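Remarks on the overall topology
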Amino acid sequence: MDVRRIPAPMKRVVHLGTRSYGRLTSPGRMTPSFLICGGQRCGTTSMYRALAAHPVVMKAVLHKGVHYFDTSYDRGMGWYKAHFPLMRSGDRIAERYGVQAQTFESSPYYMYHPQAAARIAQDLPQAKLVVLVRDPVERAYSQHHHEVARGFEAERDFGAALALEPARVHRQEERLAEDPSYYSFAHQHHAYRGRGEYARYLGVMAQHVGRERIHVVESERFFTEPEEVYDEVCEFLGLPTYLERPPFERHNARPRQSDMDPGLRQELTNYYLPHDDALSRWLGRMPIWRRT
């Protein structure tokens, strides 16, 4: 059944029934061996589609992003496993290709939620994490357009939204870290500037899961050299690269109505310089957007 073609009310019923069945069968379901954890608006959907097309990879059953380790952790591991394929389905793939099947999901907010990394380390102690990064100036601008388009941002002017950010997210990260039941809409949807401080979030993730389990990809490279980057990711994940590559497409790109104010662009470019310098220690060189 292709759930994308089902009307929304019926789709909710289908999803509810599938998750209910999934809970009952959760002991016989696979758990993710890797996650795409971020960053937001950095090409995670395109990477998800590419990896989901790998012959020995099985994606989450209903949604590319389950959001368990950030906003749904109280639902429990049985609920989480309900989103993934049955082990017997993975066994059929392993029998066909002679390689262990893997499953995964993509929830970019995992990179930013203060409790997500510790939860992942506890519940998926062997899972590897793929993180995409992008020119943080372009990323922030893209996120603002995305949130406006989805109705999550009422302030349509990017500069004004940036000015509101400090007040909106004040102490939200601390509250999320202190209270497992707390949810912050502003932290998830309105942290435009903060989301581009990649090295800070990568450092927190590394403290919990280990740096060797994190692979960082520049989205600019993925879109210009998709085959090479795809092979690097597959090697990191232990996926064979000798099988057929998928078609590489760009997903979730939104057309812009106007370009960013030049003065604001320069201000953000200057702001991110120390953060990009810190990221260079993960990449082994300055990020690609600093070299053009």
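Under the annotation held in an unreviewed UniProt entry, the chain carries the name Sulfotransferase domain-containing protein and is attributed to Paractinoplanes durhamensis.

Our next topic: the pattern of salt bridges. As enumerated under the stated definition, the model contains 15 salt bridges in all. We note a salt bridge from E232 to R221, for which the minimum N-O separation is 3.1 Å. In this pair, E232 is assigned in helix α13 (residues 226–237) and R221 in helix α12 (residues 219–224), connecting sequence segments 11 residues apart. You can call E232 partly exposed: its relative accessible area is 28%. A salt bridge links R290 to D276, with the nearest nitrogen and oxygen atoms 2.8 Å apart. Of this pair, R290 sits in the segment after α15 (273–283) while D276 sits in helix α15, and the two are 14 residues apart along the sequence. The buried category is assigned to D276, whose relative accessible area is 2%. A single salt-bridge network, built from bridges that share partners, covers R221, E225, E228 and E232.

Moving on, we get to the side chain of S72. Tracing the backbone shows S72 in the loop between α3 (68–71) and α4 (77–81). Judged by its relative accessible area of 11%, S72 is buried. What S72 contacts, discounting residues up to four positions off in sequence, is V66, H67 and W79.

As a further point, take unusual backbone geometry. Omega for the peptide link from G38 to G39 comes to -10°, which places this bond in the cis form. As for its placement among the helices and strands, G39 is situated in the loop between β1 (34–38) and α2 (44–52). The backbone phi angle of R41 is positive, close to 60°, even though this residue is not glycine. Following the sequence through the fold, R41 ends up in the loop between β1 and α2. The exposure class assigned to R41 is buried, which follows from its relative accessible area of 14%. The backbone of R171 sits at a positive phi, close to 60°, despite the residue not being glycine. Relative to the helices and strands, R171 resides in the loop between α8 (158–168) and α9 (172–178).

What counts as what
- Residue indices begin from 1 for each chain and proceed along its sequence in written order.
- Local features in a predicted model are, by the rule used here, given only for residues with pLDDT of at least 70; side-chain atom pairs are given and counted only at 80 or more, and totals for whole chains, interfaces and linings are based on all residues.
- The side-chain values count all of the structure's non-hydrogen atoms but skip hydrogen atoms and water molecules.
- We define a salt bridge as a side-chain nitrogen of Lys or Arg found within 4 Å of a carboxyl oxygen belonging to Asp or Glu.
- Only DSSP runs of H or I reaching four residues or more are called helices, and only runs of E reaching two or more are called strands; each is numbered from the N terminus.
- Only protein chains enter the accessibility calculation, which uses a 1.4 Å probe; a residue whose area is less than 20% of its type maximum is buried, one above 50% is exposed, and one in between is partly exposed.
- Note on contacts: a residue pair qualifies if any of its non-hydrogen atoms lie within 4.5 Å across the two residues.

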